[in-house]
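# Observations on chain architecture
Take a look at the letters that make up each chain.
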Amino acid sequence: MKKIIAVDGPAGAGKSTVSKIVAARLGYTYIDTGAMYRAVALKVLLSGKTVEDVTQNIDIKLDESGKVFLDGHEVTKEIRTPEVSRGASDVAKFGVVRKRLTELQREMATQGKVIMDGRDIGTQVLPNADLKIFLTASVEERARRRFEELKEKNFAADFEQIKKEISLRDKQDSEREIAPLAQAEDAILLDSTDLNIEQVVEKILQLAAC
Ligand code: CDP
C-alpha cells in the first residue's frame with residue numbers, strides 16, 4: 001500500500017471530497033493544504049496586517065475531523081467564503097507564506113499514512129510521495145460543483161460569477177512564479193468531468209493498492 005499520497009489539481013476538481021473518503025477507507029490522515037492558505041488569507045483580512053507580519057506569527061491546526069483552527073479559534077466555516085477563496089489565491093503567491101506552510105505540511109506528513117491535497121504537493125511539498133494524482137475536470141463542471149456546494153451551505157451563489165472566479169483562480173494559480181499549480185512528471189492524470197465521486201475514489205484506491 002502506498003504510504004504517502006499527493007493529490008493536486010485546480011479548484012473544484014473534487015480533491016478534498018475524494019481525498020477525505022480515500023483517507024477514511026485506508027485509515028490515513030487527510031491533510032487539506034488549501035485550508036491552510038485559506039487560514040492565512042482569513043487572518044490577513046481580519047487583522048489588516050501585511051502578509052509578511054501575519055505569516056511570522058501564525059498558528060494553524062487541522063484536526064482529524066477536518067476542523068481548522070487559526071490561533072486557537074475554530075474557523076472551519078469562515079474560511080470557505082468566496083472572499084477567502086480569492087484571498088487564499090492572493091496570499092499563495094508570497095514566497096514567505098509558501099515556505100512556512102510547506103514546512104508545516106512536510107512535518108505533518110512525516111509519520112506516513114497520509115493523503116495530502118493542494119496545488120504543489122507532488123511537485124514541491126512531497127516530491128517523493130508514493131502516489132501522485134493530478135485531478136482535474138472541465139471549468140464548466142467544476143463551476144457547477146462549486147455552485148451546488150455553496151447552495152447547500154446557504155451561501156448566495158451565481159453560476160456565471162463562480163465560473164469567472166474559478167477561471168481567474170486557475171489562471172493565478174498556474175501562472176504564479178513560485179510553486180504554480182502543475183502536474184508532476186510522475187503524477188497520474190485523472191479527469192473527473194464524467195466520473196462521479198465513487199468512481200474517482202475507486203480509481204485512487206486501486207492505484208494506492210499496487
Ligand atoms: O477548495 P478549492 O479547490 O477551491 O481551493 P483550496 O484547495 O482550498 O485552495 C485555495 C487556494 O489556496 C488555491 O486557489 C491556491 O491559490 C492556494 N493553494 C496553494 O497555492 N497551494 C496549495 N498547496 C493549496 C492551496
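These numbers were taken from a predicted model, which means no experiment stands behind them. (Residues numbered from 1 in each chain as written. Predicted model: local features only at pLDDT ≥ 70, side-chain atom pairs only at ≥ 80, totals over all residues. Heavy atoms only, no water.)

Examined against the element boundaries, Thr-136 turns out to sit in strand S7 (residues 131-136). Assessed through its relative accessible area of 18%, Thr-136 is described here as buried. Those residues in contact with Thr-136 that lie beyond four places of it in its chain are Pro-10, Ala-13, Leu-189, Leu-190, Asp-191, Ser-192 and Thr-193. (Helix = DSSP H or I, 4+ residues; strand = E, 2+ residues; numbered from the N terminus. Buried < 20%, exposed > 50% of the residue type's maximum accessible area, 1.4 Å probe, protein only. Contact = heavy atoms within 4.5 Å.)

Turning our attention to the environment of Arg-106. Tracing the backbone through its elements, the reader meets Arg-106 in helix H5 (residues 95-109). In sequence terms Arg-106 and Lys-203 are 97 residues apart; their C-alpha atoms lie 25 Å from each other. Discounting residues that sit within four places of it in the chain, Arg-106 has contacts with Gln-124, Val-125 and Leu-126. A polar atom in the side chain of Arg-106 sits 2.7 Å from the backbone oxygen of Gln-124. (Polar contact = N/O pair within 3.5 Å; in protein donor to acceptor, adjacent residues only side chain to side chain.)

Secondary-structure assignment places Ser-85 in helix H4 (residues 82-91). If near-sequence neighbours (up to four positions away) are discounted, Ser-85 is found in contact with Arg-38 and Arg-169.

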